[in-house]
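The chain contents come next:
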Amino acid sequence: MIIEPRMRGFICLTAHPEGCAQSVKNQIEYVKSKGKIEGAKKVLVIGASTGFGLASRITSAFGNGAATIGVFFEKEPAEGKTATPGWYNSAAFEKEATAAGLYAKSINGDAFSDEIKQQTIDLIKQDLGQVDLVIYSLASPVRKDPKTGVLYRSVLKPIGNKFTDKTVDFHTGKMSEVSIEPCNEEEIANTVKVMGGEDWMLWIEAMKEAGVLVDGVLTLAYSYIGPEVTEPVYRKGTIGRAKDHLEATAFEITDELKDIQGRAYVSVNKGLVTQASSAIPVIPLYISLLYKIMKAKGLHEGCIEQIQRLFQDRLYSGNEIPTDEKHRIRIDDWEMREDVQEEVKKLWAIASTENLQEIGDLAGYKQDFLNLFGFGFDGVDYLADTNEVVRIPSI
Ligand code: NAD
Ligand code: NA
C-alpha cells in the first residue's frame, strides 16, 4: 500500500518501512565514516529499536563489529496496518548486520517482565555465553511490577507549584501558554517506579546470577538534565525524581558488580526529538530554539552523532571514563555550553507565534519528527506501493 503520515496529537499512527530502513542505513554510514571504536564485542541493548538505544546498537555493531541482542516493545505489522517504527528499524538493522557478517538477534516483549529477562538470558547463554556491555535505554509511560502485578503510570508534572510557561504546537507553529498543576506524592512514587532504576537493577541482578556478565562488564543508562526553563517540568519535576533514582542506582549496581569488577554509568545526553520528548510540554519549544542555535554554531547532533561520540570519546577512548562531580558521563556538554544556553534564554524571552519560524528551527523539529516514523528521507519513493508486512528475521 501507499503509506502516508497520519498525525494524531503528539504521535504519528503510521510508519514507513523503507523510510525506517533508510534511517538505519544513514546511521550505519555515519558510524562507519567515523572509524573503528575499540569497544565491546558482545552487547545487549534494552530499548534497542528507536532513539538512543537504536543508535547504541548501531554504534556497537558498525563501530566495532559487535554481536548485538536487542530487546524492545513494538507492534508488528498486519495486512493494511503498519508496524511501529521500531519494528521496521529493527528489521532493517538485522538485515544490514547479517549482510555485514554480524550476529544480531532481537526479542520483542515487555522488558519489565521476568519472562523477557529470562528469554534474553537464555538467548545470551545459547549464542554468546556472556555480554561485555549492557545498555539500558527504555522510555515507557507504564510499568507492570513483575513481583506484584501492579501497573504503574508515570506522569510529567511539576512538584510543589503550579507551572506556567510558553509552549508550542510544533505541527502548527502556534504558541500558547500551558499550565500544569503540581503532582501529589503518589505520582512521584509512580514515576520513579516506571522510569527510575529499579528495573535496571533487576536486569543486572538476574544476569549476574545467571553468569552471563563478563568480568569487567560495563552497563550504561541514559539521563537528561537540560536548561533552567524546562526544570519545573523536567529535572525538578516527577521525571527528574526518576532520573535522580536512576543515577543513584548506577552506584548500587557498581557495588553489586564489585566481585566481577563491573561498573555502571549514567550518561547525560542531549535533548532531542524522539517520540518520548515530543509529548512533554515546553520541551519542543526549547528544542526548536536549541536546534537553531546549535546548527548555527556547527554543534548540532542527533542520536547517532551523540552515541558515536559517547562511545569513541568517553567509553572507549583508552583513557579513564571522564565523569562529572556526580559520577555521570556528560555528552550534553555542547548543549549545556554557556554561550549556547545564554542564547536560548534570550530567544525564549522573545519567542512568539509570529517570530518562531525565524528565531527557532521549527522546520528542523518537524523534519526530525517525521523522520522518527520513516517519513521525509531522500532516496525513498513515498508514492510507490510498499509492502507493510515486513518481518524481523530473528523473530
Ligand atoms: P525512545 O522512545 O526512542 O526509545 C524507547 C525504547 O524503549 C524503544 O526501543 C521501545 O521499544 C523500548 N520500550 C519501551 N517500553 C518497553 C517495554 N515495556 N519493554 C521493552 N522495550 C520497551 O526513547 P529515547 O528518547 O531514546 O529514550 C531512551 C532513554 O534516553 C530514556 O531513558 C530517556 O529518558 C533518555 N534520554 C532521552 C533524551 C531525549 O531528548 N529524547 C535526552 C536524554 C536522555
Ligand atoms: Na531508545
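Since this is a predicted model, take the numbers as computed values, not measurements.

A. Spotlight on the overall build of the chain. Assigned secondary structure in the chain consists of 13 helices and 13 strands. Taken over C-alpha atoms, the radius of gyration comes to 20 Å for the chain, in line with the 21 Å a tight globule of 395 residues would show. Principal-axis analysis of the C-alpha atoms gives the chain an extent of 60 × 50 × 45 Å. For the chain, with 395 residues in total, the buried portion stands at 48%. Here the contacts in the chain between residues at least 6 apart in sequence split such that 77% fall between residues at least 24 apart.

B. Spotlight on the UniProt feature "site: Plays an important role in discriminating NADH against NADPH" (unreviewed entry) in the chain. In the numbering used here, UniProt assigns the "site: Plays an important role in discriminating NADH against NADPH" (unreviewed entry) feature to Glu 74. Relative to the elements of secondary structure, Glu 74 occurs in the loop between strand E4 (67–72) and helix H3 (85–99). Overall, Glu 74 belongs to the buried group, with 23 C-beta atoms counted inside 10 Å. Ignoring any residue separated from it by four or fewer positions in sequence, one finds Glu 74 in contact with Ser 49, Ala 83, Thr 84, Gly 86, Trp 87 and Asn 108.

C. Highlighting the pairing of strand E3 (residues 42–46). Among the five residues in E3, five count as buried, and that is most of the element. Judged by which residues are buried, E3 turns out to be covered on both faces: Lys 42, Leu 44 and Ile 46 on one side and Val 43 and Val 45 on the other are all buried. Sheet topology note: the E3/E4 ladder contains five bridges and is parallel. Residue pairing in the sheet places Lys 42 in a bridge with Ala 67 of E4. One crossover worth recording links E3 to the parallel E4 by way of helix H2 (residues 51–64), and it is right-handed. Note that E3 and strand E6 (residues 131–136) share four bridges and pair parallel. The partner of Val 45 across the bridge, within E6, is Ile 135.

D. Quick peek at the UniProt feature "domain: Trans-2-enoyl-CoA reductase-like NAD(P)H binding" (unreviewed entry) in the chain. When the UniProt feature table is mapped to this numbering, "domain: Trans-2-enoyl-CoA reductase-like NAD(P)H binding" (unreviewed entry) covers residues 2–78. As annotated, residues 2–78 comprises 40% helix and 19% strand, and the C-alpha atoms at either end are separated by 14 Å.

E. How the structure looks around the site of ligand 1. The full set close to ligand 1 counts 29 residues, and Gly 47, Gly 51, Ala 111, Tyr 222 and Thr 274 are the nearest of them. Of all the elements in the fold, those that place two or more residues in the shell around ligand 1 are H2, E4, strand E11 (213–223) and helix H8 (275–278). Here the shell around ligand 1 is composed, by residue class, of 13 nonpolar, 14 polar and two charged.

F. Spatial organisation of the environment of Ile 46. Within the element layout of this structure, Ile 46 appears in strand E3. Judged by the 26 C-beta atoms lying within 10 Å of it, Ile 46 falls in the buried class. Placed 266 residues apart in sequence, Ile 46 and Gln 312 show a C-alpha to C-alpha distance of 20 Å. When near neighbours in sequence (up to four residues on either side) are disregarded, Ile 46 contacts Val 71, Ala 111, Ile 135, Tyr 136, Ser 137, Leu 138 and Trp 203.

Procedures and definitions
- Counting of residues starts from 1 at the beginning of each chain's written sequence and follows it residue by residue.
- For naming, the first written chain is A and the first written ligand is 1, with later ones following in the order written.
- Selection of residues for local features in this predicted model requires a pLDDT of at least 70, selection of side-chain atom pairs for listing and counting requires 80 or more, and totals for whole chains, interfaces and linings are taken over all residues.
- Each helix is a run of DSSP H or I of at least 4 residues and each strand a run of E of at least 2, with the numbering of both proceeding from the N terminus.
- Here the radius of gyration uses the C-alpha set of atoms, whereas the globule reference equals 2.2 Å times the residue count to the power 0.38.
- Any residue surrounded by 20 or more other C-beta atoms within 10 Å of its C-beta is treated as buried, while 12 or fewer makes it exposed and the intermediate range makes it partly exposed; C-beta atoms here are placed from the backbone.
- Residues are treated as contacting if the C-beta atoms built from their backbones sit within 7 Å of each other.
- UniProt positions are given in the numbering used here, feature names are shortened, and annotations may be inferred rather than shown by experiment.
- Strand pairing is assigned whenever DSSP identifies at least 2 bridges connecting the two strands.
- Crossovers are described as right-handed under a simple rule: with the strands pointing away from the observer, the path leading from the first strand over the helix to the second runs clockwise.
- Working rule for contacts: place C-beta from the backbone, and if it is within 6 Å of a molecule or strand, that residue counts as near it.
- Ten residue types, Ala, Val, Leu, Ile, Met, Phe, Trp, Tyr, Cys and Pro, are classed as nonpolar, four, Asp, Glu, Lys and Arg, as charged, and the remainder, Gly among them, as polar.

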